[in-house]
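Given next are the chains, with one letter for each unit.
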Amino acid sequence: QSLPQQKLLTWLSVLECVEVFAEMGTARVWGEMGRWTIIVLIQLAKAILRLLLLLWYKAGIQTSPPIVPLNREQQQPLHPQDVEDNCSGKDQTYVGRRSSRVVRSLQSTPSLQSRHWGSPQQREKSQSQRAEEMNQPPTPLGLQETIAESIYITRPLLHLLSLGVWGQRSWKPWLLSAVLDISSLSLLSDLKDLNRRERAELRRRTILLLYYLLRSPFYDRYSEGRILLLLRLLADYVPGVGFVTRPLMDYLPAWQKIYFYNWG
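Worth saying up front: this structure is predicted, and the values here are computed from it rather than measured. Within each chain, residues carry numbers counting from 1 in the order of the written sequence. Where local features are concerned, this predicted model is filtered to residues with pLDDT of at least 70; where side-chain atom pairs are given and counted, the filter is 80 or more; whole-chain, interface and lining totals use all residues. The side-chain values count all of the structure's non-hydrogen atoms but skip hydrogen atoms and water molecules.

## Topic: helix α8 (residues 242-257)
Put simply, the rule reads: To qualify as a helix, a DSSP run of H or I must reach at least 4 residues; to qualify as a strand, a run of E must reach at least 2; elements of each kind are numbered from the N terminus. The span you would expect from a helix comes to 1.5 Å times its residue count less one. Note that bend, as reported per residue, equals the angle between axes fitted to the 7 residues terminating at that residue and the 7 residues originating from it. Burial status follows relative accessibility: with a 1.4 Å probe on protein chains alone, a residue under 20% of its type maximum counts as buried, one over 50% as exposed, and anything between as partly exposed. The contact rule is simple, with two residues in contact once any of their heavy atoms fall within 4.5 Å.
Taking 1.5 Å per residue, 16 residues should reach 22 Å; α8 reaches 23 Å between its end C-alpha atoms and fits that length. Largest kink in α8: about 40°, centred on Y251, with the proline P253 one to four residues after it. Listed as buried for α8 are G242, T245, M249, L252, W255 and Q256. Tucked inside the fold, the buried residues of α8 contact α7 (218-237) and α9 (259-262).

Written out as structure tokens, the structure reads:
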């Protein structure tokens, strides 16, 4: 990736990290008008950055979060003592004469900071596979797939526009957003030879369609009573589940009112 593209991904990741805090903080300081203003500005900035990545840098199907979080356990560097052992040429493994089982030799046991339970070959193989997956170029998108990804990127802006036209209690914004999400997934379903990261992103978008059960006005009219009843039954009749379901019942109304939790 070029340096400008990395900067765009960084700013996009920052926006996704602070969007909920910005919405709640602005609502506390400037009220509902300020809250919706910051929501529009953040969604507009995210859409511009994503369209630049899609159309100018040919970034393909964009994941969320844009920058994959670092797994510090997998990326942990070797201890200096381990590096010395590797450079000295010590055998790291021992092959059993009768079982042919590969085990780590006692002389090359790594330090506690970098110790793991798999064989060196397994660890090297898994690290090489992860590095290969991370370095795979994005799948080139044709015209149909580019339109589908553009629909997915601009869907929040169209939803906000429809909210301003028809109001928050209308079914039209809910239906418009659902149609755009389903249309985008349908157009992308014909794309073959996706890498692992892109397939995971499409699965995530498909699962997120369940959020429409928690989005108003569907939630207010149909889902709320049934979901709360199910959580209450689980809390009353399943031992131990109440520690999770009762706080969830208290938190769900507040969570449902935050735009970036629900629609972002």
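## Some points on the packing of aromatic side chains
Note the threshold: In this scheme Phe, Tyr and Trp rings, the latter by its six-membered ring, pair at centre separations within 6.5 Å, and the angle between planes marks the pair as stacked below 30 degrees, edge-to-face above 60, and tilted otherwise. Placement of a charge over a ring requires the Lys NZ or Arg CZ to be within 6 Å of the ring centre, with the centre-to-atom vector within 35 degrees of the ring normal.
One pass over the full model with this rule turns up 11 aromatic pairs. Here W36 and Y259 contribute two aromatic rings whose centre-to-centre distance is 5.6 Å and whose plane-to-plane angle is 70°, an arrangement assigned as edge-to-face. With W36 in helix α1 (residues 3-56) and Y259 in helix α9, this pair connects stretches of sequence that are 223 residues apart. Aromatic pair Y212 and W263: ring centres 6.0 Å apart, planes at 85°, arrangement edge-to-face. Residue Y212 is found in the loop between α6 (196-207) and α7, and its partner W263 is found in the segment after α9; the two are separated by 51 residues along the sequence. Each member of the pair Y212 and W263 is classed as buried. Cluster of aromatic residues (ring-pair linked, three or more members): W171, W174, Y212, F218, Y222 and W263. Directly above the aromatic system of Y152 lies the positively charged group of R205, at a separation of 3.7 Å from the ring centroid. Positioned above the aromatic ring of Y212, the side-chain terminus of R215 is 4.4 Å from the ring centre.

## As for the pattern of salt bridges
Going by this rule: One speaks of a salt bridge when a side-chain nitrogen belonging to Lys or Arg is within 4 Å of a carboxyl oxygen belonging to Asp or Glu.
For the structure shown, the criterion picks out nine salt bridges. With a shortest N-O distance of 2.5 Å, E16 and R50 are connected by a salt bridge. You'll find E16 and R50 in the same group, each marked buried. In this structure, the salt-bridge partner of D236 is R246, at a minimum N-O distance of 3.5 Å. With a gap of 10 residues between them, D236 in helix α7 and R246 in helix α8 connect regions that are remote in the sequence. Given a relative accessible area of 43%, R246 falls into the partly exposed group. Counted as one network, the salt bridges with shared partners bring together E149, E201, R204 and R205.

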